[in-house]
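Next come the chains, spelled out residue by residue.
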Amino acid sequence: MPMTHVVLLALVGFVGGTFGAMVGLGGGVFIIPTLALFLDVPIHSAIAASLLAVIATSTTAAAAYVRDDLTNLRLGMTLETTTVTGAVIGGLVGTALSKTVLSAVFGGVMIAVSVYMAVRQRNAKLPPVTDEDLGLLGASYHDRSLGETVRYRVRRLPAGMAASFVAGNVSGLLGVGGGFLKVPVMVLAMSIPVRAAVSTSSFMIGVTACAGALVYFARGLVDPVITVPVVLGVTLGAYLGSKLAMRVKSSVLTIILAIVLFAFSVQMILSAAGIDLR
Amino acid sequence: MTRLNITISRVLVVGLLAAVAFMLAGAVLTAARPGLTAIHETSVADIPRALAHLEPSGFFDLGLLLLLATPVARVIALLFGFARERKWLLSSFSLIVLVALAFSAYLGLRV
């Protein structure tokens, strides 16, 4: 393989890892279509490389977020039960579901979610919570950009767990980490501050992607020539992205997330309409 | 920062650094052998032999395997960490996730 191709693969990983780590996604929504469309990588190799890249993004970003106490480990582990179960069941029944219908429905929903997030963030003000009122899964963290401690209580857990199940299911079908569903659900349905949602999603997506990647690895579908440059680029990008995310204001982070979600939604709807960028 | 946070962060950092180190070693070995035109993926059982012969594929595959093992290791660390804090419900959640991952690997080998 020419050296320029290797550098391009690493560059794709770097961009995916930087933005993925900043907004709690794995970068798969960017990596898969770019590899398949612009670098002529076979779709199975692209999905396998993407799943390993999601694990690299998650591991790099989560190491920094957990150390800085931004990640809610208790909430992450609770939601992972339904996410991973959803991913496994998605793998079992995946062939019975129409990917076209799924892409159209989720694309439409995500456009509405991204627009709502962009508009809502201007007025987003969570009610003040005391240490005694955090509940079993609530937590607190120090927000560097605000210079204050943010406390939050987790609301509507059953809705969050149901959405996590769907996120796991969809991520198994699309070969991505599922952060594009987890972050908005945590922010909009569970009243979790965007910074905590991004870091908890980063923490969770590695395990979700691991369930899919194990299948690809066991079947010998992981091509190291494609995967290794992407993973090394992603690791560097995710390190940079996690550092940037801690310095950027939550409102800016929300806008970036809304833009990324909107772009992904358009891609899903185009895919459903037969214009497949992959 | 709690003791559990420190443990989990360390598990993630060690797993990631080990994985990246093996992948970079494979890249260096590939660059050092200009005549090497193709890299083939090896089976898990072949990795020790490939490493002993300094074949880049062995280093790449071990790196990728370590990367795959890192999320599993952190679920195991959380299982014991929550148990040590006597948070049995959260510990049992970790066990459920671990069983689901094992089932996923089993499906991959079977199907």
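Peer 1: I tried to follow the interface of chain B and chain A on my own but got confused; where do I start?
Peer 2: Every contact between the two is made by 38 residues of chain B and, on the other side, 40 residues of chain A. Looking at the side of chain B that touches chain A, the elements that each hand over two or more residues are α1 (3-32), α3 (56-84) and α4 (88-110) of chain B. Ranked by the residues each element gives to the side of chain B that touches chain A, the list is headed by α4 of chain B, at 13 residues. Partitioning the side of chain B that touches chain A into residue classes produces 27 nonpolar, 9 polar and 2 charged.

Peer 1: Would you mind going over helix α1 (residues 3-23) of chain A with me for this structure?
Peer 2: Note: α-helices contain 3.6 residues per turn, so residues at a spacing of three or four share the same orientation. All names here are of chain A. For α1, with 21 residues, the first-to-last C-alpha span of 31 Å sits near the 30 Å given by 1.5 Å per residue. Burial in α1 covers these residues: L9, V12, G13, F14, G16, G17, T18, F19, G20, A21, M22 and V23. At the C-terminal side of α1, G24 shows a positive phi close to 85°.

Peer 1: Can you help me understand the pairing of strand β1 (residues 139-143) of chain A in this one?
Peer 2: Side-chain direction in a regular strand flips from residue to residue, so the side chains alternate between the two faces of the sheet. Bridge analysis of β1 of chain A against strand β2 (residues 148-152) of chain A gives 5 bridges, and the strand direction is antiparallel. Residue pairing in the sheet places S140 of chain A in a bridge with R151 of chain A of β2 of chain A.

Peer 1: Looking at this structure, I do not really get helix α3 (residues 43-67) of chain A. What am I missing?
Peer 2: All names here are of chain A. Helix length check: α3, at 25 residues, gives a terminal C-alpha distance of 36 Å against a target of 36 Å (1.5 Å per residue), a fit within 8%. Among the 25 residues that make up α3, 21 are buried, leaving the element largely enclosed by the rest of the structure. Directly after α3, the chain includes D69, whose backbone phi takes a positive value near 65°.

Peer 1: How should I be thinking about the confidence of the model for chain B in this particular structure?
Peer 2: When pLDDT is low, close inspection of the predicted coordinates is not appropriate. All names here are of chain B. Scored by pLDDT, chain B has a mean of 86; 87% of the residues are at 70 or more. Element-level pLDDT for chain B is lowest in helix α2 (residues 47-52), with a mean of 85, against a maximum mean of 93 in α3. Taken together, the chains of this predicted complex give a pTM of 0.85 and an interface ipTM of 0.90.

Peer 1: Honestly, unusual backbone geometry in this entry has me stumped. Any pointers?
Peer 2: Note: most peptide bonds trans; most residues except glycine with negative phi. Residues and elements named next belong to chain A. Look at S191: it is not a glycine, yet its phi comes out positive at around 60°. Here S191 is to be found in the loop between α7 (179-189) and α8 (194-218). Its 19 C-beta neighbours within 10 Å are what place S191 among the partly exposed residues.

Peer 1: How should the packing of α3 of chain A against helix α9 (residues 224-247) of chain A be read in this particular structure?
Peer 2: Residues and elements named next belong to chain A. Direction vectors running N to C along α3 and α9 enclose 30°, while the axes themselves pass 8 Å from each other. Compared by their axis directions, α3 and α9 come out roughly parallel. Where α3 crosses over α9, the handedness of that crossing is right-handed. Judged by residue contacts, S45, A48, A49, L52, A53, A56, T57, T60, A61, A64 and Y65 of α3 engage I226, T227, V230, V231, V234, T235, A238, Y239, G241 and S242 from α9. Class assignment for the residues of the contact of α3 with α9 results in 14 nonpolar, 7 polar and no charged.

Peer 1: Help me understand the confidence of the model for chain A in this model?
Peer 2: Per-residue pLDDT for chain A has a mean of 80; in total, 84% of the residues score no lower than 70. When pLDDT is averaged over each helix and strand of chain A, the minimum, 68, is found for helix α5 (residues 99-120) of chain A and the maximum, 89, for α9 of chain A.

Peer 1: Any chance you could explain the nonpolar core here in plain terms?
Peer 2: Formed by 113 residues in total, the largest nonpolar core has its most connected members in L52, I55, A213 and V231 of chain A. Not counting residues up to four positions away in its chain, the partners in contact with A213 of chain A are L51, L52 and I55 of chain A together with L68 of chain B.

About the cut-offs
Residues numbered from 1 in each chain as written. Chains lettered and ligands numbered in written order. Predicted model: local features only at pLDDT ≥ 70, side-chain atom pairs only at ≥ 80, totals over all residues. Contact = placed C-beta atoms within 7 Å. Helix = DSSP H or I, 4+ residues; strand = E, 2+ residues; numbered from the N terminus. Nonpolar A, V, L, I, M, F, W, Y, C, P; charged D, E, K, R; others polar. Expected span 1.5 Å × (residues − 1). Buried ≥ 20, exposed ≤ 12 C-beta atoms within 10 Å, placed from the backbone. Pairing = 2+ DSSP bridges. pLDDT = per-residue confidence, 0-100. Axes fitted to C-alpha atoms, helices over the stretch in contact; angles between N-to-C directions. Parallel < 35°, antiparallel > 145°, perpendicular 65-115°, else oblique. Left-handed = near helix turned anticlockwise from the far one by under 90°. Core = buried A, V, L, I, M, F, W, Y, C linked by C-beta atoms within 7 Å.

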